[in-house]
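Here is how the chains run, residue by residue.
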Amino acid sequence: MVIVEQSDAAAASGASGGGGGGLIVEEQQEKLRRFVDEWRGQVSETVERLADNGLMGVVASTNVGDINHDPLHITTACSDDHHHDVTVLDIIPTKNLFSKVMTVLSFDCLQIARLRQLALRKFYPQLLVFGLRPSGEEVPLEGELQKTFARSLVFFDELLNFVSDMQAVIVNLVQQLGAIYTNDSPPSLYSSFTSVHLQTAFSSLADGFAMLVTIDEIIAQNLTIGHTMSLFTRMLHSVRSEPSRFGMAAEHVEELDRAVNDMDNVLITGLFQRCLQEDFALHPEMVNLKANQVFLDEVAVCLRDSIGQVLSRLDTIREPTYEREKLASLLALFVFYSWMTVDSGPEKKLTKLISEVLKRAPVLHLFGNIHLLPVDFLGTQLPSSALASTFIKEAQKEASTVKTAYLASLDEDLTRSAPILQNGLVNWLVSFDSTVSPMVQQLAIHAMLGLRLKQLAQGVFLGNRLCHIVRTTIQWHLSLEEPLSKEQVRRLQHASEFLKAVRTAYYRRSKETTQGMPHMIQWGQAQIRKRLLPLKAQLEADLVANSKASGLQLLARSLTRGKDLDTKIQDALSAVSLALETLQGQPSLQHRIVLRLCLEALFGLQKRLPEEAVGGILEMCMLVDTAAEIQELVETATDCSFLYWCRGMMPTCFSLLYSQTNEAHSLQYLVMAFQDGIKLLELGHAENDVINSYEEEMENAISNEVVTPLCRDIETDLRLHVHSAHLKGTVNINPTKTGVRDLSWFLQVQPLRLASKYIHIKSHVENYLNAAFYNHAAVSLHNWKTYGEMRQLAELKYGLELDNLHLPCQTLEQGVDVLEIMRNIHIFVASYTYNLNTQVFIERMTNASYRKHINTISVNHVANSIRTHGTGIISTTVNFTYQYLSHKFIAFSQFLFDDHIKSRLVKERRFFKETKGNERQEYPVARAQKLNLEIRKLGITESGQSYLDQFRQLIAEMGNALGFVRMVRLGGLSYCSATSGFVQEGKNISFELASKDLGMSPETIQAGKLLDTALETQNMSLDGTNYFNILVNVFSQELQSDGNVHLKDFFLVVPALMISAIEAMLQAKDKLFKRSRTSADSLFTDDGFVLGIAYLLKVLGQDKQFDSLHWFESARKHYRAEKARLEEGLDTDSNTSGLAGLQIWSQKLASISDADVQNMQLVVKRVASYLMELELTDYNLTGARIFFL
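Residues numbered from 1 in each chain as written. Predicted model: local features only at pLDDT ≥ 70, side-chain atom pairs only at ≥ 80, totals over all residues. Heavy atoms only, no water.

When its secondary structure is counted, the protein chain shows 52 helices and nine strands. Of all 1189 residues assigned to the protein chain, the portion counted as buried reaches 46%. Residue pairs at least 24 apart in sequence account for 80% of intrachain contacts in the protein chain once pairs closer than 6 positions are excluded. Accessible surface computed for the protein chain: about 59600 Å², of which carbon and sulfur atoms make up 54%. (Helix = DSSP H or I, 4+ residues; strand = E, 2+ residues; numbered from the N terminus. Buried < 20%, exposed > 50% of the residue type's maximum accessible area, 1.4 Å probe, protein only. Contact = heavy atoms within 4.5 Å. Areas by Shrake-Rupley, 256 points an atom, 1.4 Å probe, with all protein chains shown as cover.)

It is worth spelling out a nonpolar patch on the surface at this point. On the surface, a cluster of nonpolar side chains totalling about 510 Å² of accessible area is made up of M845, I854, L1072, F1073 and F1084. Position of I854 among the secondary structure elements: in the loop between β8 (840-843) and β9 (856-857). (Patch = residues over 30% accessible without salt bridge, like charges linked within 9 Å, V, L, I, M, F, W, Y side chains within 5 Å. Salt bridge = Lys/Arg side-chain N within 4 Å of Asp/Glu carboxyl O.)

All right, on to the packing of helix α47 (residues 1050-1071) against helix α48 (residues 1088-1100) then. Look at α47 against α48: their axes get within 12 Å of each other, and the N-to-C directions meet at 180 degrees. When the axis of α47 is compared with that of α48, the two are roughly antiparallel. Contacts from F1050, F1051, V1054, L1057, M1058 and A1061 in α47 reach F1089, I1093, L1096, L1097 and L1100 in α48. Across the contact of α47 with α48, the residue classes break down as eleven nonpolar, no polar and no charged. (Axes fitted to C-alpha atoms, helices over the stretch in contact; angles between N-to-C directions. Parallel < 35°, antiparallel > 145°, perpendicular 65-115°, else oblique. Nonpolar A, V, L, I, M, F, W, Y, C, P; charged D, E, K, R; others polar.)

A word on the pairing of strand β7 (residues 832-835). Neither face of β7 is left uncovered, since the one carrying Y832 and Y834 and the one carrying T833 and N835 both have all their residues buried. When β7 meets β8, the two strands line up antiparallel, connected through four bridges. In the sheet register, Y832 faces β8, and the bridge partner there is E843. Hairpin connection between β7 and β8: a loop of four residues separates the two successive antiparallel strands, and Q839 in this loop has a positive phi of roughly 55 degrees. (Pairing = 2+ DSSP bridges.)

At a minimum axis distance of 11 Å, the contact between helix α30 (residues 650-659) and helix α31 (residues 667-683) shows a crossing angle of 170 degrees. On the basis of the axis angle, α30 is roughly antiparallel to α31. Contacts between α30 and α31 involve M650, C653, F654 and L657 from the first element and L667, L670, V671 and F674 from the second.

Moving on to a positive patch on the surface. Together, K907, R910, K930 and K937 line one region of the surface with positive charge. Mapped onto the positive patch, the elements with two or more residues apiece are α41 (899-914) and α42 (925-937). Relative to the helices and strands, K937 is located in helix α42. On the basis of relative accessibility, which here comes to 66%, the residue K937 falls in the exposed class. (Lys, Arg positive; Asp, Glu negative; His and termini not counted. Charge placed at Lys NZ, Arg CZ, Asp CG, Glu CD.)

Within the secondary structure, T877 sits in helix α40 (residues 872-897). Residues contacting T877, with those up to four places away along its chain left out, are V818, M822, F964 and V968.

Moving on: helix α14 (residues 293-313). Taking 1.5 Å of rise per residue, the 21 residues of α14 would be expected to cover 30 Å, and the 30 Å separating its terminal C-alpha atoms lies within 8% of that figure. Listed as buried for α14 are F295, L296, E298, V299, A300, V301, C302, L303, S306, I307, V310 and L311. Positive backbone phi, approximately 65 degrees, marks D315, located one or two places after α14. (Expected span 1.5 Å × (residues − 1).)

Below, the discussion takes up the sheet that holds β7. Strand order in the open sheet formed by three strands is β7-β8-β9, and the pairing between neighbours is antiparallel. A single partner strand is all that each edge strand has here, and the edge strands are β7 and β9. For β8 and β9, the ladder comprises two bridges, and the chain directions are antiparallel. Its bridge partner lying in β9, F841 is registered against I857.

A few words on the packing of aromatic side chains. The full count for this structure, using the stated rule, is 42 aromatic pairs. Here the aromatic cluster, defined as three or more aromatic residues joined through ring pairs, consists of Y882, F889, F892, F895, F951, F1028, F1035, F1050, Y1095, F1187 and F1188. Here the guanidinium or amino end of R647 rests over the ring plane of Y644, the centre of that ring lying 4.4 Å away. The positively charged end of R927 is found above the aromatic ring belonging to F911, 4.3 Å away from the centroid. (Phe/Tyr/Trp six-rings, centres within 6.5 Å; stacked < 30°, edge-to-face > 60°. Lys NZ or Arg CZ within 6 Å of the ring centre and 35° of its normal.)

Looking at where Y669 falls in the secondary structure, it is placed in helix α31. Measuring from C-alpha to C-alpha, the distance between Y669 and T504 comes to 8.7 Å, with 165 residues separating the pair along the chain.

In structure tokens, the structure reads:
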């Protein structure tokens, strides 16, 4: 940050010459020359480094003067205000009584002004944002609030010290003013000041009171402060009972408890009321002030004059920046005056002015979103005697009416005054840019100083007036819970944008303004000196004339109190001399305070000054003050941090702005307006979560209300444009009726800067269109040309730089990579089902619920992968499958080892042994169904699956893994067969030896060697290795050992597994024809189950035992008998003739209803389906067992 300082010597260079002043000027110029030389060297090195890195083009293209992108900001400040090196004693020489009085008053006023700056910069923001939580966050965890207060203990201790210092300064200033304005007899040394109205001193006193009131209001409206303090106090009581448990000494706990109690007593009870009732009511000297009628009258006079001046400027474009805050401070001073005059009561003239204030300003802004209601403030702070007065009762009675009328006037100002102010700001922006331009500066700098100084102040006044309308309208609507209409939100949005436009204009011309600032200030000071020098000469002449008077004249003057007249002339001369000396230096805060006190003393002592001269001097002082504090005033007048507390209207504002494409340039200003909330949070040291949450809200609002609609609208526009060219009559657009929205304005907006990121709208749109065009073209390849045209149109119409689609007009599907399947084989076998006959893996619908298609994997896909990766992946696939089967056999063994399963299989083995001697041993279907039912009783999952169903799925997944091995082998054979199509069969030729025999070149011989190696590798891959036998042999010995005896009964559970598989397959096939929530579970093949059964029977050596069950023959007989029985029940034809046959037919017809007939028909159909699925299972199992012969 660059600080441009104006030193006393530099400021005085235009008015003094030679002597010590010249040496000081030369010294300052030498320091400046050395600084410029050093800076030039650093800049040259930086430019050279940028040039070496090829970044000069980027730097040259940077938009200099952009408030959102410049790495450096220029800040102007007076050296005294920045360093505090010069004190009041250095400015005012204590030669006489007048200078001593000025010194004391200036010191107190300066202390209050500096304390006010400290409060604005530190205490107000931290109190305001204390305890803020991120948006949408739930109630904080237990102990979180206590931690928050504990982290702020140092801050609250500093706040107590700040309040103590403020109260001490206030008491001292009141004592000094009481000593100056006194009715003691004989007259005091300050009798010449009785005609002087020190409004600056009383305004400082009012500012001191206002600071206490502001802190009270912030604490009262931020309920988190009191709540966290009470929770922390309760926690301290618990700690005090057992301090050692928390690692604290008892005396430290007591000390901390006393400190927190002091904070509670001082802050929560009310600082302003405490100051009035304790610092003044209990102080002996303050009590005596109630009897000092001169002091009380002077307070009333200053109140009347100050309030009158404020009311005359209120709601006009001449209203200064802190005028509303000043009005609040005057109300606080009025409360002080009311407590001082509690016995006699305030005078009527003053109460009339207060009544006018209550009507014209029923709400006063203090800081941030904190506002003061004057009626409520006076009702709680005035003494009881003053509350009984008529003007307070009438104000309280008319409060609701005044609030409603004020809201109506604010809405009227928003409708009428705000557009007028905006037009005035437009004129000011044009005039300011033209007047402050470098060209005008070089041509007529001296002639333009006065105009530029007035323009600086004019922009602040206009911005402050507009800011008041926006801020008060929003706060008053929130306070009265009155909704804002859409049109009002639009007007508020426009006004906020204008405020940030004013801020940007000042920043854009900050360089020229900073260069001309010393000259403008010197010009203003010269204008004041020009008016004061004749007065000084006249006072000196009067003083010389009085000193030459004769003895008789001196005697007459002494009898008519002429001595006081001489004292007044001397004091007036001292005042004007001190004012002229002050004007020689820089306009620091203390210089300006001393100047105002001197001018007030001068105007009070010399009544013969014309009002025009006084008004001109005060006007010029106001301009100098504005120039000296221009940056602070501009930031305050254009501050929109109050929008943080009404961020609910943020999406609406962005949506309204997007609806008007011609206002796209204002988007940056609107973002800056809401960005002020982050500056306030950072100034108040809010938690990072709070700042990030607000930034995320801004980002979401911009994205949802501007970026996303813009992306959709541009895509729609491009689509309609292209379709209207290809399909005549499909799209009819008449610009004369529908209008034309030029969306390209938003693409030209500079990147929007947030707290920690940028939002580049053009880049977002480009990314969106790139993704949309690619995805649409990938799904519908025949539309690739259409999206290519849309891409070219986007570049021509909107200047968007989009990527190529990277999709050819036709493409060859390579399918899923075998390596990916192999690495995730556990996911693959659970996500696909296997078809044994067609050699295809089909994806389950549950895994493709978010797509409109399902994937399939065939031998061709595997061959393509082998063509890419080589035949080595076949062996790798077998190794991965072996590892996978090893894990699955553990789960397989655990199921059969379970006591519940083992006990039931023991029963089945006992039955198997008992029936083993029968000629045709068949395992009954009823026992298989019973076993299935008993296992189901052990428990089911949330999806309705029993343990047997899960065991069946385990076997199916093992079968899918084996099917994948088979497919990989077949894919390898397909690949090798395709690649060997041009190799002559039956002849073993060495191309390397043939090339040598023919005397070919070494390169040809090397090529022949490579060809021989490739053919040998191909022959090795076609060696006919049976991978199924490998996977059987590697597990069979271990699983058939004595350590796995529980696996010997596996063949007995196969019938139950068959029934479970048939039922599951029938249900899955039925879901193919139904559209419901469960249709995603539909299947039409799952041959991995039968392949897994065949593999397990082979591994466990139980093929013969399973065949001895004759399960399929038994099942066929069972279902055929069931089907015949049901069909017989439906047969109404009787073979018996005559009367007996008629009787049998009538009995059947009477016993069976239509519903029963339909149910029986469905059952017959179901049994037929069971029988068909049984046949398919038998065939598939027979085919699968062939692989393991």
